[in-house]
Amino acid sequence: MNENQKIPMWKKISYGCGAGGGNVMSTLLATFLTAYYTDTAGIAAAAVATMFLVCRLLDGVTDFAMGGIVDKTNTRWGKARPWLILAAPMMCIGIILIVSVPQGWSAGMKLVYAYATYIFLNCIVYTIFGIAHAALLARMTRDFKDRNTTATVSSIINSVAGLVVGTLITRLQLTFGWTVTGVVLGVIAGGLILITGVFCKETVGMDGSEEQGMGGKGKSTVPMREQLPAVLKNRYFWIALILGALVLFVNGNAIGAQFYYCNVVLGNPMYMELLMPAGMAPGIVAMFFMPYFSNKYSKRAFMSAGAILMILGFSIVGLAGNNLAMVIVGTVIRSLGITPMFAGLYAFVADAADYGEWKFGIRSEGLMSASQSIGSKIGIGFGSACSAWILAVSGYIQPAMDMADAGADMAEGALPAMGQMIQQPESVVTAIRFDYGWLGAIVSVILLICVLMMDVEKYLPEIRKGLGKEKPF
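Values in this document were obtained by computation on a predicted structure and should not be read as measured data. Here the residue numbers are simple positions, counted from 1 along each chain's written sequence. A pLDDT threshold of at least 70 governs which residues receive local features in this predicted model, and a stricter bar of 80 or more applies before side-chain atom pairs are shown or counted, although totals over entire chains, interfaces and linings include all residues. Water and hydrogen atoms were dropped before computing side-chain values, which therefore reflect all heavy atoms in the structure.

1. Examining the pattern of salt bridges
Note on pairing: side chains with opposite charge can pair once their charged atoms come close. Filter applied, for reference: Any carboxyl oxygen of Asp or Glu that lies within 4 Å of a side-chain nitrogen of Lys or Arg is treated as forming a salt bridge with it. Numbering of helices and strands runs from the N terminus; a helix is a DSSP stretch of H or I covering at least four residues, while a strand is a stretch of E covering at least two. Throughout, exposure labels follow a simple rule: accessible area from a 1.4 Å probe, protein chains only, divided by the maximum for the residue type, with under 20% read as buried, over 50% as exposed, and the rest as partly exposed.
Applying the stated criterion to the full structure yields two salt bridges. Salt-bridge contacts for K12 lead to D146; the nearest nitrogen and oxygen are separated by 3.0 Å. In this pair, K12 sits in helix 1 (residues 9–41) while D146 sits in helix 5 (residues 144–199), placing the two residues 134 residues apart along the sequence. For K12, a relative accessible area of 7% gives the class buried. Between E202 and R139 there is a salt bridge, with the nearest N and O atoms lying 2.5 Å from each other. With E202 in the loop between helix 5 and helix 6 (224–233) and R139 in helix 4 (residues 107–140), the pair connects residues that are 63 residues apart, well separated along the chain. Owing to a relative accessible area of 1%, E202 belongs among the buried residues under this scheme.

2. Focus on the nonpolar core
Spelled out, the test is: By nonpolar core we mean a set of buried residues, namely Ala, Val, Leu, Ile, Met, Phe, Trp, Tyr and Cys, connected to one another through side-chain atoms within 4.5 Å. In what follows, a contact means two residues having at least one pair of non-hydrogen atoms within 4.5 Å.
Counting residues in each nonpolar core, the largest one holds 131 residues, and the members touching the most others are L28, Y37 and M91. Counting residues per element, this core draws most heavily on helix 7 (residues 235–265), at 19 residues. The residues contacting Y37, other than those within four sequence positions of it, are G42, I43, V48, M51, F52, I98, V101, A114, T117 and Y118.

3. Observations regarding the packing of aromatic side chains
To be explicit about the condition: Geometry of aromatic contacts follows a simple scheme: Phe, Tyr and Trp rings, the Trp one being its six-membered ring, pair when their centres are within 6.5 Å, and the pair is stacked under 30 degrees between planes, edge-to-face over 60, tilted otherwise.
Counted under the stated rule, the structure contains eleven aromatic pairs. Their ring planes at 50° and their centres at 5.7 Å tell us that Y126 and F129 sit as a pair that is tilted. A residue pair is termed a helical-turn pair when its members lie 3 or 4 positions apart in one helix, as Y126 and F129 do in helix 4 at three residues. Considered together, Y126 and F129 belong to a single accessibility category, that of buried residues. With a centroid separation of 4.8 Å and 90° between ring planes, the pair formed by Y236 and Y355 is classed as edge-to-face. Separated by 119 residues along the polypeptide, Y236 in helix 7 and Y355 in helix 11 (residues 324–360) bring together distant segments of the chain. Exposure remark for Y355: the relative accessible area of 3% places this residue in the buried category. Site record: aromatic cluster; members linked through ring pairs are Y36, Y37 and W178.

4. Comments concerning a nonpolar patch on the surface
The following threshold applies: Each patch is built from residues lacking any salt bridge and having more than 30% relative accessible area; the joining distance is 9 Å for like charges and 5 Å for nonpolar side chains (Val, Leu, Ile, Met, Phe, Trp, Tyr). Values of accessible area rely on a 1.4 Å probe in the Shrake-Rupley scheme; residue burial ignores everything except the protein chains shown.
Residues L319, M326, F434, W438, I442 and I446 make up a contiguous nonpolar surface patch of about 540 Å² in total accessible area. Inspection of the secondary structure puts W438 in helix 14 (residues 426–451).

5. Overview of helix 1
The test is simple: The angle between axes fitted to the seven residues ending at a residue and the seven residues starting there is what we call the bend at that residue.
The largest bend in helix 1 is about 55°, located at F32. The buried fraction of helix 1 is high, at 30 of 33 residues. Two residues or fewer after helix 1 comes G42, characterised by a positive phi angle close to 80°.

6. Topic: helix 5
Under the convention used in this document: Take the number of residues in a helix, subtract one, and multiply by 1.5 Å to get its expected span.
For helix 5, spanning 56 residues, the distance from its first C-alpha to its last is only 21 Å, which falls clearly below the expected 82 Å at 1.5 Å a residue. Its maximal kink placed at G177, helix 5 deviates by approximately 120°.

7. Things to note about the environment of F293
With respect to the helices and strands, F293 occurs in helix 9 (residues 290–296). A relative accessible area of 31% places F293 in the partly exposed class. Not counting chain neighbours up to four residues away, the residues in contact with F293 comprise S298 and F302.

8. Considering the packing of helix 7 against helix 8 (residues 272–287)
Axis angle and axis distance: for two packed helices, these are the angle between their axes and the distance between the axes, and together they describe the pair. Note the following rule: Lines fitted to C-alpha atoms define the axes, with helix axes restricted to the stretch in contact, and inter-axis angles between N-to-C directions lie between 0 and 180 degrees. By definition, turning the near helix anticlockwise from the far helix through less than a right angle yields a left-handed crossing, and turning it clockwise yields a right-handed one. Here the term charged refers only to Asp, Glu, Lys and Arg, the term nonpolar to Ala, Val, Leu, Ile, Met, Phe, Trp, Tyr, Cys and Pro, and the term polar to all other amino acids, Gly among them.
Where helix 7 meets helix 8, the closest approach of the two axes is 10 Å, and the angle between their N-to-C directions is 140°. Once helix 7 is placed against helix 8, the crossing between them reads as right-handed. Contacts from Q258, F259 and C262 of helix 7 reach helix 8 at M272, L275 and M276. Here the contact of helix 7 with helix 8 is composed, by residue class, of five nonpolar, one polar and no charged.

Spelled out as structure tokens, the structure:
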């Protein structure tokens, strides 16, 4: 097969559908899960934060294991596609279960249920999806410019999915309740992921021996004891992990704190319908310029500019207080900076896989993609935990609701407690303002420093020639 072949636009869109499906889950978990647990399920904020962090320990194990499994997979469909097809129905089931905490259970049993469903969805299902999806890009083509474009298209669709879900989910919940909302989101997420698994074909590393079928052994694979040391010696593995953690932390923390900011600081939870588009739509527009700037200059330059915009945007929000106009302006600027980060990170992981093959003689898309998956879930987990812990430490007052009334509201399809107006202490207002604004600015400074270390692109011409996979420049 021609490993440098161009990816047609319809396949780029198909690949992006998977990212959109994954973002349906990410948006639900990052934006609404903490509020669901605290204000609807009645689980203490500190317990929720601890759960998010405990699950991060398991994530590290499952991500590395899944990376190795992908690298050892040999089927006629390739290494990554079969796992995406498997992840689709599992994602649907996981989303439905995670927002179905039984209202009549004791607080302890609710927490056990939350642990079980969160581990299933985030540590197992999202691990399978995330690593397979990231690995697939590195196996669709070796043309790094086409990978930049594919990653951009994917990030646009990813952002559109997050925008639609984030904007409509509050109204869906208030109108139909959590159960129906979970079913709708689960079907959408699973369907989008299935599109990627069915229509995106692998070309890199595929040869006649891998076309034998599901039962065929395919070409030999490098043992894990050789793959893992080679990957861990690749400095771009660690840069990708740190970048993924920082980007998802700052994004997850911001959108996790956004509901509380609207409800407590601005006094109206329905402002979510203004801030969600403001936090995503401008970034989608900026994404269209990424292929041009990334190919003409570099992903590092484009992402550095994005980090500077993030610092500015978060700082404006930090100064805004209850000034809605300033909050929207800061959120728009933040969006222009943060959204392109996702496209750059995906393309960077694929470039890092090429670097590892060139530098150490071992190609490992699966384990290399584990860096992005581990980093992303560390970021989402710590971002969500940070918001919950800040609420707990500052003295956040959770809505109290009689369980009989809660059951009646659920039967009527309402959203118990979430958005209920309670006068919070001034310490909570101050903490939420810091969480939604200044914390993001501080982390964005660290992110900028890490982006400046992302210099793999200077090696790409030499890598292509060294591997004999690219026509001379």
